[in-house]
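# Inside the fold
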Amino acid sequence: MATFFGEIVPSFSRAVDDDDDEEESPHVATTNVRWSPLVRAELLQIPDGKLPCQTLIVAVGPAAAGFAQAFILNDDYYIVGAIFSGMEETDVNTFDQKSPTDKTCYIYRSTQIPDAFLCLCKTDVSAEQSYSFTEQLFSCINIESKYFYMSILCSCMTSEYKCDVPVSDMNPPFLRALKTTQFVGVPPCKYLEQPNLVSGLPAQLLTYAQIKEVKAVLYICYTETIYLDSASMKIFKPLLETTPIRDLIQVNPKGDEVINHLVDMYSLKNTMYL
Amino acid sequence: MFRNQYDNDVTVWSPQGRIHQIEYAMEAVKQGSASLGLKSKTHAILVALKRAPSELSAYQKKILPIDDHVGVAIAGLTADARLLSNFMRSECLNSRYAYDQPLPVSRLVSAVGNKSQILTQRYGRRPFGVGLLICGYDSQGPHIYQTCPSANYYDCKAMAIGARSQSARTYVEKHLDKFLDCSLEELVAHGLRALRDTLPSDINLTTKNCSVGVVGKDSDFTIYDDDKMEQYLSLIEGEERSSRAPPPTDGVQEGDQEPMQQDGEGQADPQPAGPEVQQPEGMDQGP
């Protein structure tokens, strides 16, 4: 709405129905974390009630989680916890939560390297819930070790990417990085240029790391397609040779197969756009 | 959530003179899989990548026949494509009924453009979310036209639309001068090679994931699917992939960087060295 002087003012309706007040109880969504019985027993024995951790990899979103599932996760990893941050009615979930398309957020730990944790977050964590998600995640993980490294992987659409050349000239998908001041190391890709921003859960995690003065790096993949495709997952591959991920992985010859399988799983829903 | 206050509606201009809703509609075309159109002196062809079908349902067609002398390949919202192709079919039918001759392709395309334009200028409507590659043969010869949600249409020597179509366009630009004199088989082979460039290098074209449409002077528009694709796929079997194909796995895309350093002495230079503009992996070594 333009005022008399021509400035644009957002116009809010002041009409209020009597019923509105009753429906509008503000629902504060909270996040809950559940740890496995093994871990709960372990926590009881640790003085400060937090698991020692040297490496934490958090993969947010289907592309990052798909990459982590194919190239980082292996049989040595077992589930130690799960984070629940609000299931929508439209979320597809199987009863045993094991289908690749399930919206779950599991925390894995390596049997060989017990202080390495991997969090695959396939749920959509809203911006309002990101703080409580972060709090819950770190409620039982101790990040005060001086060797602690955190890696956050996430993805975003190229339509959100602002640059002075057309985005198609940048050959999506492409990777960009952000890091905390404590992180000394050169990412294998460019830093995210201004005025682009990372928002939501990945930003919350990186901010938390910066405030706690720990080493953390965030990688964001800009992809063109709204559906999962193999290029958007494989674009993270250079990270397999970087700290901290390279200390965790074993070469997985089946990685590409897993990726193709995930693409098939997600692509079956794709008939709206041909 | 809106990115700015001028993109609520297709009837709203931004201060820069842009209509954001139309630009957003163009993004829908990129969500469709790649389609490609090529023409020689004698034929016009369409080559399209199909999405993997569900085991339970029949696959949906990417290339649609419109009339004996015209076919389209679609990229974008399937339902909008269906509507537009029905419209095109009735336009062609009307021409045959009224004038007893096939509708010239340029007139068909401009009818589609005019229909699409109405939706970009009316409150409460939305632009079509589909791009079409129209291939036809009429008294003027073979044609390839591209239409957009913006209601623009382009007469093309060759064109590719859809996801990762840039690789196909690059191939086609490189070989453009060869197409006019190609035989039909050579033309289809070029089309399949260009389409293959849109796929990651570990995935190949098969009879299940691509289809071809061909129209020529004495041949009606015909679509080749499944087993009928075998004759065309064998033309490019065993060939090395072009190095322009998108590298899915090895190497760093943004120039070579040092792997990350361990925690240790000194502050790392916050600005990584390297080319500002993405460079291709290597030049195509084609003849």
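The subject of this paragraph is the overall build of chain A. If you tally the helices and strands in chain A, you get 7 helices and 10 strands. The buried share of chain A, taken over its 274 residues, is 51%. Within chain A, residue pairs in contact and separated by at least 24 positions form 75% of the contacts whose partners lie at least 6 positions apart. Summed over its atoms, the accessible surface of chain A is roughly 13,900 Å², and 54% of this surface lies on carbon and sulfur atoms.

Further remarks concern the packing of helix 4 (residues 127-137) of chain A against helix 5 (residues 201-211) of chain A. Residues and elements named next belong to chain A. Direction vectors running N to C along helix 4 and helix 5 enclose 50°, while the axes themselves pass 9 Å from each other. Judged on the interaxial angle alone, helix 5 and helix 4 are oblique. For the crossing formed where helix 4 meets helix 5, the hand is right-handed. Taking contact as the criterion, the partners of Ser130, Tyr131, Phe133, Thr134 and Leu137 in helix 4 are, on helix 5, Leu201, Gln204, Leu205 and Tyr208.

A word on the sheet that holds strand 3 (residues 55-60) of chain A. Where strands meet in a sheet, backbone hydrogen bonds hold them as pairs that are either parallel or antiparallel. All names here are of chain A. With mixed pairing, the 8 strands of this open sheet are ordered in space as 1-4-5-6-3-8-10-9. Bordering the open sheet on either side are strand 1 (32-35) and strand 9 (174-179), each of which pairs with just one other strand. Shown here is a sheet whose adjacent strand axes are inclined to one another by a mean of 20°, direction ignored. Pairing of strand 3 with strand 6 (residues 116-121) involves 6 bridges; the strand directions are parallel. Within strand 6, the position partnered with Thr55 by the bridge is Ala116. Contacting strand 1, strand 4 (77-84) and strand 5 (105-110), helix 2 (residues 37-45) crosses the sheet at an angle of about 90° to strand 1.

All names here are of chain B. In the contact formed by helix 2 (residues 78-99) and helix 3 (residues 105-119), the axes pass within 10 Å of each other and the chain directions differ by 135°. Taken as axis vectors, helix 2 and helix 3 run oblique relative to one another. Along this stretch, helix 2 crosses helix 3, giving a crossing that reads as right-handed. Residues Leu84, Phe87, Met88, Glu91 and Cys92 of helix 2 form the contact with helix 3, whose own contacting residues are Leu108, Ala111, Val112 and Lys115. Split by residue class, the contact of helix 2 with helix 3 holds 7 nonpolar, no polar and 2 charged.

With that settled, the discussion passes to helix 2 of chain B. Residues separated by three or four positions in an α-helix point in the same direction, a consequence of the helix having 3.6 residues per turn. Residues and elements named next belong to chain B. Its 22 residues give helix 2 an end-to-end C-alpha distance of 31 Å, which sits within 8% of 32 Å, the value for a rise of 1.5 Å per residue. On the buried face of helix 2, the contacting elements are strand 3 (63-67), strand 4 (70-76), helix 3 and strand 5 (130-138). Immediately downstream of helix 2, the backbone of Asp100 shows phi near 55°, a positive value.

Residue and element names in this part refer to chain B. In space, the 5 strands of this open sheet follow the order 8-1-2-9-10, with antiparallel pairing throughout. With one partner strand each, in any of the chains shown, strand 8 (158-161) and strand 10 (222-224) form the two edges of the open sheet. Put simply, the sheet's adjacent strands are angled 15° from each other on average, direction ignored. Strand direction decides the pairing type here: strand 1 (residues 35-39) and strand 2 (residues 43-49), joined by 5 bridges, are antiparallel. If you follow Leu36 over to strand 2, its bridge partner there is Val47. Packing against the sheet, helix 4 (residues 165-174) makes contact with strand 1 and strand 8, and its axis sits at approximately 165° to strand 8.

Take the pairing of strand 8 of chain B next. Residues and elements named next belong to chain B. Residues Ala158 and Ala160 of strand 8 are buried on one face, and the alternating residues Met159 and Ile161, pointing to the opposite face, are buried as well. Direction of pairing for strand 1 relative to strand 8: antiparallel, over a ladder of 4 bridges. Bridge assignment links Ser35 to a residue of strand 8, and that residue is Ile161.

This next bit is on the nonpolar core. Side chains that are nonpolar tend, in soluble globular proteins, to be buried together. Residue and element names in this part refer to chain A. Residues Trp35, Leu56, Ile107, Leu137 and Met150 are the most contacted members of the largest nonpolar core, which totals 44 residues. Among the elements that make up this core, the one with the highest residue count is helix 5 (6 residues). Membership of the second largest hydrophobic core comes to 40 residues, among which are Tyr108, Leu153, Leu228 and Phe236.

You can see B:Gln146 is positioned in strand 6 (residues 141-147). Sequence-distant contacts of B:Gln146, that is, excluding residues within four places in its chain, are made with B:Leu132, B:Leu133, B:Asn152, B:Tyr153, B:Tyr154, B:Cys156, B:Met159 and B:Ile161.

On to unusual backbone geometry, then. Along the chain, A:Pro172 connects to A:Pro173 via a cis peptide bond; the corresponding omega equals 0°. Mapped onto the secondary structure, A:Pro173 falls in the loop between strand 8 (149-157) and strand 9. Looking along the chain, the bond that leaves A:Gln194 and enters A:Pro195 is cis, with omega of -5°. Mapped onto the fold, A:Pro195 is located in the loop between strand 9 and helix 5. Not every positive phi belongs to a glycine, and B:Asp226 is a case in point at roughly 50°. Assignment of secondary structure puts B:Asp226 in the loop between strand 10 and helix 7 (230-236).

Rules and cut-offs
Residues numbered from 1 in each chain as written. Chains lettered and ligands numbered in written order. Predicted model: local features only at pLDDT ≥ 70, side-chain atom pairs only at ≥ 80, totals over all residues. Heavy atoms only, no water. Helix = DSSP H or I, 4+ residues; strand = E, 2+ residues; numbered from the N terminus. Buried < 20%, exposed > 50% of the residue type's maximum accessible area, 1.4 Å probe, protein only. Contact = heavy atoms within 4.5 Å. Areas by Shrake-Rupley, 256 points an atom, 1.4 Å probe, with all protein chains shown as cover. Axes fitted to C-alpha atoms, helices over the stretch in contact; angles between N-to-C directions. Parallel < 35°, antiparallel > 145°, perpendicular 65-115°, else oblique. Left-handed = near helix turned anticlockwise from the far one by under 90°. Pairing = 2+ DSSP bridges. Nonpolar A, V, L, I, M, F, W, Y, C, P; charged D, E, K, R; others polar. Expected span 1.5 Å × (residues − 1). Core = buried A, V, L, I, M, F, W, Y, C linked by side-chain atoms within 4.5 Å.

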